[in-house]
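Descriptive analysis of the structure
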Amino acid sequence: MSTKKDKFSIIDEVFMELALDLAKARKGLTGTNPSVGSVIVKNEKVISIGQTSFNGGPHAELNAIKNCVDNLSGSKMYVTLEPCSHYGKTPPCTTAIINSKISEVIYSINDIDKRVRAKTKKILASSHVKVKSGLLKNKIKKFYESYFYNRKKKLPFVTGKIAISKNNLIYSKNNKKITNKLSDKLTHYLRYRNDSIMISYKTLNIDNPKLDCRIKKMKKFSPIRIILDNKLQSNEKNYIFNSVKQNNTIFFFNEANNSKISRFKKRKINLIKSNIDKYKKFDIKKVLKCLFNVGCRNLLIEGGDDLTNHLIKKKIFNEFYLFKSQKKFSKLVKYKKFNGLKLLNQIYKNKIKLKSNFGKDTVILHRI
């Protein structure tokens, strides 16, 4: 096999861009598997497409092959990530590709999974399938940042988010609503893109949030709700308790009486006992490890001041969205300030002002 860098045409780039768009459309919805896009082309025309199935079922390559009604002999497949070559929930994609008589495969980057990494070329080439890699690799590597983080660290990729007023308040009595409807759309998009969402019991009791995705027709993709509640002090009349379904709500706790534990379990809430430190705070890394082990890969944290500050100090966030309104909230009534702004700017120094239309609101994406 040649060690020379593979060359690609403009047409190749167009088809790989389409594959990437397919992968982007499923990001956060494919369970523990990465979201992959696949396009099959014959005579420079698309004859089939495929995406990783919801919750990580059949892979994109297999779906593209199954979706195709044309003869695949002599066709070319574009894939965003190296096709798998091992048995998992499904047989290897390399076997399906070989059996389909596809003549060429172009994939962008190698999989980080040790069962797959850099094995695909050799397997496909041994069955006379031409293989190239590296197309749009920088762009697609960035797309798989969270997946690579999951694989390397065995932890969820964590996104933080908080909204503040012009004078840096997160709460002022009688003025709960901080951002506008345009900003709200991004909030719900983040919920759609993450498989889990975390808050503290304090936020639950103050705001009584729904923690769901309210984008039209996307409610079914709402994240799993995760509540940090040391002594199970959450108000059981809140919306969260009245909307529990199988496996959609997890409470982390450390101590509680048996009657409370029993009531929570009767509601089908998943209770996980976890350690706390001398400051009565959860060992967040153990919480994240536990969440990874139960399938969480992308976690959105919409914390209040205490939780957000704690996680900023611990450098838990992989990225953080700061929503800022132009509304100035009153301090003449009960209020709560966001005290982590200085620390956020000190630790998460890489900042991008999002260019979408948020009206008078601004949204800054912070990264370390």
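Up top is the structure.
Notes on the structure in this doc start here.

Scoring rules and cut-offs
Residues numbered from 1 in each chain as written. Predicted model: local features only at pLDDT ≥ 70, side-chain atom pairs only at ≥ 80, totals over all residues. Heavy atoms only, no water. Helix = DSSP H or I, 4+ residues; strand = E, 2+ residues; numbered from the N terminus. Buried < 20%, exposed > 50% of the residue type's maximum accessible area, 1.4 Å probe, protein only. Contact = heavy atoms within 4.5 Å. Areas by Shrake-Rupley, 256 points an atom, 1.4 Å probe, with all protein chains shown as cover. Lys, Arg positive; Asp, Glu negative; His and termini not counted. Charge placed at Lys NZ, Arg CZ, Asp CG, Glu CD. Patch = residues over 30% accessible without salt bridge, like charges linked within 9 Å, V, L, I, M, F, W, Y side chains within 5 Å. Salt bridge = Lys/Arg side-chain N within 4 Å of Asp/Glu carboxyl O. Pairing = 2+ DSSP bridges. Phe/Tyr/Trp six-rings, centres within 6.5 Å; stacked < 30°, edge-to-face > 60°. 1 Å grid on protein atoms, 1.4 Å probe; cavity = no way out; pocket = protein on both sides within 12 Å on 5 of 7 lines; lining within 4 Å. Points joined across faces, edges and corners; volume = space filled by probe spheres on them. Nonpolar A, V, L, I, M, F, W, Y, C, P; charged D, E, K, R; others polar. Axes fitted to C-alpha atoms, helices over the stretch in contact; angles between N-to-C directions.

Points about the overall build of the chain
When its secondary structure is counted, the chain shows 13 helices and 16 strands. With the C-alpha coordinates of the chain rotated into their principal frame, the extents come out at 75 × 45 × 35 Å. Among the 368 residues that make up the chain, the fraction classed as buried is 53%. Of all intrachain contacts in the chain linking residues separated by at least 6 positions in sequence, the fraction that spans at least 24 positions is 71%. Counting only carbon and sulfur atoms, one obtains 50% of the accessible surface of the chain, whose full area is about 19400 Å². Computed over 79 positive and 27 negative side-chain charges, the inter-centroid distance for the chain is 5 Å.

Topic: a positive patch on the surface
Together, Lys5, Arg117, Lys137, Lys141, Lys152, Lys153, Lys285 and Lys314 make up a positively charged patch on the protein surface. Listing elements by their share of the positive patch, those giving two or more residues are helix H5 (137–143) and helix H6 (145–153). Within the fold, Lys285 resides in helix H11 (residues 284–293). Look at Lys285 and you get exposed, because its relative accessible area is 55%.

A word on the pairing of strand S6 (residues 157–164)
S6 sits mainly inside the fold: eight of its eight residues count as buried. Burial along S6 is two-sided: the residues Phe157, Thr159, Lys161 and Ala163 and Val158, Gly160, Ile162 and Ile164 are all buried. Across four bridges, the pairing between S6 and strand S12 (residues 298–301) is parallel. Paired with Val158 across the strands is Leu299, a residue of S12.

Concerning the packing of aromatic side chains
Applying the stated criterion across every chain, the model contains 13 aromatic pairs. Ring centres of Phe241 and Phe251 lie 5.6 Å apart, and the angle between their planes is 45 degrees; on these two criteria the pair is classed as tilted. Within this pair, whereas Phe241 is found in helix H9 (residues 239–242), its partner Phe251 is found in strand S10 (residues 249–253), the two being separated by 10 residues in sequence. For the residue pair Phe241 and Phe251, the accessibility class agrees, reading buried in each case. Arranged with centres 5.0 Å apart and planes meeting at 70 degrees, the rings of Phe317 and Phe320 form a pair that is edge-to-face. For the pair Phe317 and Phe320, a shared accessibility class is recorded, and that class is buried.

Describing the layout of surface pockets
Of the voids in this model, the largest pocket is the one considered here, and its volume is about 1400 Å³. Lining the largest pocket are 45 residues; nearest its centre among them are Thr203, Asp207, Glu302, Gly303 and Gly304. Per-element tally for the lining of the largest pocket: the top contributor is helix H8 (residues 201–207), with five residues. Classifying every residue of the lining of the largest pocket by side-chain character gives 16 nonpolar, 11 polar and 18 charged. Considering only enclosed or pocket space, the second largest pocket measures out at about 1000 Å³ in volume. In this structure, the second largest pocket is lined by 45 residues; those nearest its centre are Asp195, Phe221, Ser222, Pro223 and Ile224. Contributions of two or more residues to the lining of the second largest pocket are made by H6, strand S9 (224–228) and S10. Here the lining of the second largest pocket is built from residues that sort into 16 nonpolar, 20 polar and nine charged.

Concerning the sheet that holds S10
Reading across the sheet, the nine strands line up as S11-S10-S9-S8-S12-S6-S13-S16-S15 and stay open at both edges, with mixed pairing between neighbours. Two strands bound the open sheet, and with one partner strand each, they are strand S11 (270–273) and strand S15 (350–353). Strand-to-strand, the axes of this sheet are offset by a mean angle of 20 degrees, without reference to chain direction. Bridge analysis of strand S13 (residues 319–324) against strand S16 (residues 362–367) gives five bridges, and the strand direction is antiparallel. Looking across to S16, one finds that Tyr321 is bridged to Leu365. Contacting S6, strand S8 (196–200), S12, S13 and S16, helix H7 (residues 181–193) crosses the sheet at an angle of about 160 degrees to S13. Contacting S6, S8, S9, S10, S11 and S12, H11 crosses the sheet at an angle of about 150 degrees to S10.

What about the environment of Ile162?
Along the chain, the position of Ile162 falls in strand S6. Given the relative accessible area of 4%, Ile162 is considered buried. With sequence-adjacent residues up to four places away left out, Ile162 is seen in contact with Ile170, Gly303, Gly304, Thr308, Phe320, Tyr321, Leu322, Phe323 and Phe338.

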